[in-house]
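# Residue-level structural notes
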Amino acid sequence: MEHFLLGRRATGALIADPYSAAPRGPSRMAASRLPILLAVAFSSLSCILSHSNREMWFQDLFPPNTCPINAKANTFYGIMFDAGSTGTRIHIYTFVQKSPEKLIELEGEIFESVKPGLSAYADQPEKGAETVKRLLDMAIDAVPRHLWKKTPVVLKATAGLRLLSEEKAQALLLEVREVFEESPFLVPEDSVSILDGSYEGILAWITVNFLTGQLSGQNQHTVGTLDLGGASTQITFLPRFEETLKQTPGDFLTSFEMFNSTYKLYTHSYLGFGLKAARLATLGALDMEAVGGQMFRSSCLPKQLEAEWHFGGVKYQYGGNKQGETGFKPCYLEVLKVIKGKLHQPDEIRGSSFYAFSYYYDRAVDTNLIDYEEGGVLEVRDFERKAKEVCDNMERYNSASPFLCMDLTYITALLKEGFGFRDSTLLQLTKKVNNIETSWTLGATFHLLQSLGITY
Ligand SMILES: O=c1ccn([C@@H]2O[C@H](COP(=O)(O)OP(=O)(O)O)[C@@H](O)[C@H]2O)c(=O)[nH]1
Ligand SMILES: [Ca+2]
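Residues numbered from 1 in each chain as written. Chains lettered and ligands numbered in written order. Predicted model: local features only at pLDDT ≥ 70, side-chain atom pairs only at ≥ 80, totals over all residues. Heavy atoms only, no water.

### Some remarks on the packing of aromatic side chains
Two descriptors summarise a pair of aromatic rings, namely the distance from one centre to the other and the angle between the planes of the rings. One pass over the structure, following the stated rule, counts 22 aromatic pairs. Aromatic pair Trp148 and Phe185: ring centres 6.4 Å apart, planes at 65°, arrangement edge-to-face. Note that Trp148 is positioned in the loop between helix H3 (125-142) and strand S5 (153-157) and Phe185 in the loop between helix H5 (166-182) and strand S6 (192-194), a separation of 37 residues in sequence. Residues Phe256 and Tyr263 carry aromatic rings whose centres are separated by 5.4 Å and whose planes lie at 35° to one another, so their mutual orientation is tilted. Residue classification places Phe256 among the buried residues on the basis of a relative accessible area of 0%. Of the aromatic side chains, those joined through ring pairs into one cluster are Phe237, Phe252, Tyr266, Tyr270, Phe273, Phe354, Phe419 and Phe421. (Phe/Tyr/Trp six-rings, centres within 6.5 Å; stacked < 30°, edge-to-face > 60°. Helix = DSSP H or I, 4+ residues; strand = E, 2+ residues; numbered from the N terminus. Buried < 20%, exposed > 50% of the residue type's maximum accessible area, 1.4 Å probe, protein only.)

### Description of the site of ligand 1
Taken together, 20 residues lie around ligand 1, and Thr86, Arg89, Thr158, Ala231 and Asp362 are the ones closest in. The side chain of Arg89 places a nitrogen or oxygen atom 2.8 Å from an oxygen atom of ligand 1. Contact between ligand 1 and Ala159: an oxygen atom at 3.5 Å from a main-chain N or O atom of the residue. Burial of ligand 1 by the protein amounts to 88% of the accessible area it has alone, namely 540 Å². Only strand S3 (88-96) and helix H10 (359-366) provide two or more residues apiece to the shell around ligand 1. Its residues placed into classes, the shell around ligand 1 shows four nonpolar, 10 polar and six charged. (Near = heavy atom within 4 Å. Polar contact = N/O pair within 3.5 Å; in protein donor to acceptor, adjacent residues only side chain to side chain. Areas by Shrake-Rupley, 256 points an atom, 1.4 Å probe, with all protein chains shown as cover. Nonpolar A, V, L, I, M, F, W, Y, C, P; charged D, E, K, R; others polar.)

### Concerning the packing of H3 against H5
Between H3 and H5, whose axes approach to 8 Å, the crossing angle comes to 35°. Crossing handedness for the pair H3 and H5: right-handed. Taking contact as the criterion, the partners of Pro125, Glu126, Ala129, Val132, Lys133 and Leu136 in H3 are, on H5, Ala171, Leu172, Glu175, Val176, Val179 and Phe180. Taken together, the residues of the contact of H3 with H5 break down into nine nonpolar, no polar and three charged. (Axes fitted to C-alpha atoms, helices over the stretch in contact; angles between N-to-C directions. Left-handed = near helix turned anticlockwise from the far one by under 90°. Contact = heavy atoms within 4.5 Å.)

### Let's talk about the state of the cysteines
Applying the stated rule across the entire model yields two disulfides. A disulfide bridge connects Cys300 with Cys331, and the sulfur atoms are separated by 2.1 Å. Where Cys300 bonds to Cys331 through sulfur, the torsion about that S-S bond is close to 105°, and the disulfide is right-handed. Taken together, the positions of Cys300 in the loop between strand S11 (295-298) and strand S12 (306-311) and Cys331 in helix H9 (residues 328-339) put the pair 31 residues apart, joining distant regions of the chain. Residue Cys300 is classed as buried on the basis of its relative accessible area of 0%. For Cys331, a relative accessible area of 0% corresponds to the buried category. Disulfide partner of Cys391: Cys405, at an S-S distance of 2.1 Å. (Disulfide = S-S within 2.5 Å.)

### Quick notes on the sheet that holds S3
Here five strands make up an open sheet; going across it, the order is S4-S3-S2-S5-S6 and the pairing mixed. Each edge of the open sheet carries a strand with a single partner, namely strand S4 (105-114) and S6. When the angles between neighbouring strand axes are averaged without regard to direction, this sheet yields 20°. Sheet analysis places strand S2 (residues 75-83) next to S3, joined by nine bridges and oriented antiparallel. (Pairing = 2+ DSSP bridges.)

### Concerning the UniProt feature "binding site: ATP" (unreviewed entry) in the protein
When the UniProt feature table is mapped onto this chain, "binding site: ATP" (unreviewed entry) is found at Gly230, Ala231, Ser232, Thr233 and Gln234. Here Ser232 lies in strand S8 (residues 232-237). On the basis of relative accessibility, which here comes to 3%, the residue Ser232 falls in the buried class. When neighbours within four sequence positions are excluded, Ser232 is seen to be in contact with Ala159, Arg162, Glu200, Asp227, Ser269, Tyr270, Leu271, Gly272, Phe273 and Gly274. (UniProt positions renumbered as here; feature names shortened; annotations may be inferred.)

### Overview of the pairing of strand S9 (residues 253-258)
The buried fraction of S9 is high, at six of six residues. Side chains Leu253, Ser255 and Glu257 of S9 all project onto a buried face; the interleaved residues Thr254, Phe256 and Met258 project onto the opposite face, where all are buried too. In the sheet, S9 pairs with strand S10 (residues 261-271) via six bridges, with the strands oriented antiparallel. What sits directly across from Leu253, in S10, is Tyr266.

Encoded structure:
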């Protein structure tokens, strides 16, 4: 079992907020009146101008964190990049420490994304890093100049880079690191890396449970999380029964402490079981070496379809079963081959409800199961019903993605045959809570701020 320390017991005094105004010492009080007035005038001007992000010659003389009238002295920022298999995203979080004895509060998030993901630039790492630079330029505008040097910037890559060769992944990370080094932000050690799969699940669990208020106070009813990415999928929950702990392989359990509590979580990331990787697996094309002008066919695709698809920088040709069967039944059997017997099934989850996001959310929106803005609660059987409807009427859905039938069938099979959920298991489909993305990036930013001593 891994032990992942994400927090510290708040027994003593909290760490002082390094971004807050510096205390005024007695030596300043003893100085004569004229220099004080000049200093206040200049430093006030410096503070005002620093918020406008324009550089002035006297700014370094009066660092803005000594601003006497800096109303936002307790505000600080964290920049977290999510280099996912299908896109790269920047999250710029704003936090406020209202008083030293209180936990930091999340004030807001600026979010932007680009497609494709970094792994599509496996052979052009400089071009890949340019996409990161364009996103980072947003942070230059979003973060006040005087906080640039104190604002950490970190990029964590997920399954897309995990699937690349070590050499290609490292070349991409190196180029991104150079972009960070050239930026005015704080670049911590190990600021550009591949995120371990088990932390990906834990950090998303922290985000969702923090945003829903389950990590503070006495009556904590934490919720499990399901993340379905392009190349990997994660399941994470807090086991309630001793039996679950006994039946679970050791590397599926991770302990960590946060906000005065210790959690022993069940978490696992299945690499190659993300929605897009599953498409390739269903088509029999996951082994990238095997590709060479070959046509991959499936009963989950419209009969007459023949097309090309680019994923992770590789081109695939795929099409429908021109002569053979199409529809939900044969498709389900095809998809089952990818899943059957490959995933661990904890008994405990059968009767509980989970938060589900990423492609669970997107496909539920695409088929009008939920509203894009509102999200909603579904049962596992709703995905199966939709999969049948789409797969058995593919001609009616020809304006949607040709993969819609395959995707819905995969989601159904993953939930039922993969994780072992019941037809009636409830899924809370959520993209944002209080306007903040339900992404592992917020949990990762808490961890980062803690490791830098900015919070606990
Ligand atoms: O901040 C984010 C990042 C990703 N996604 C969703 O995550 C899926 C794509 O997964 P990703 O590219 O991150 O693949 P991974 O690397 O996790 O396998 C899509 O449904 C996206 O809409 C999202 O909803 N919000
Ligand atoms: Ca992801």
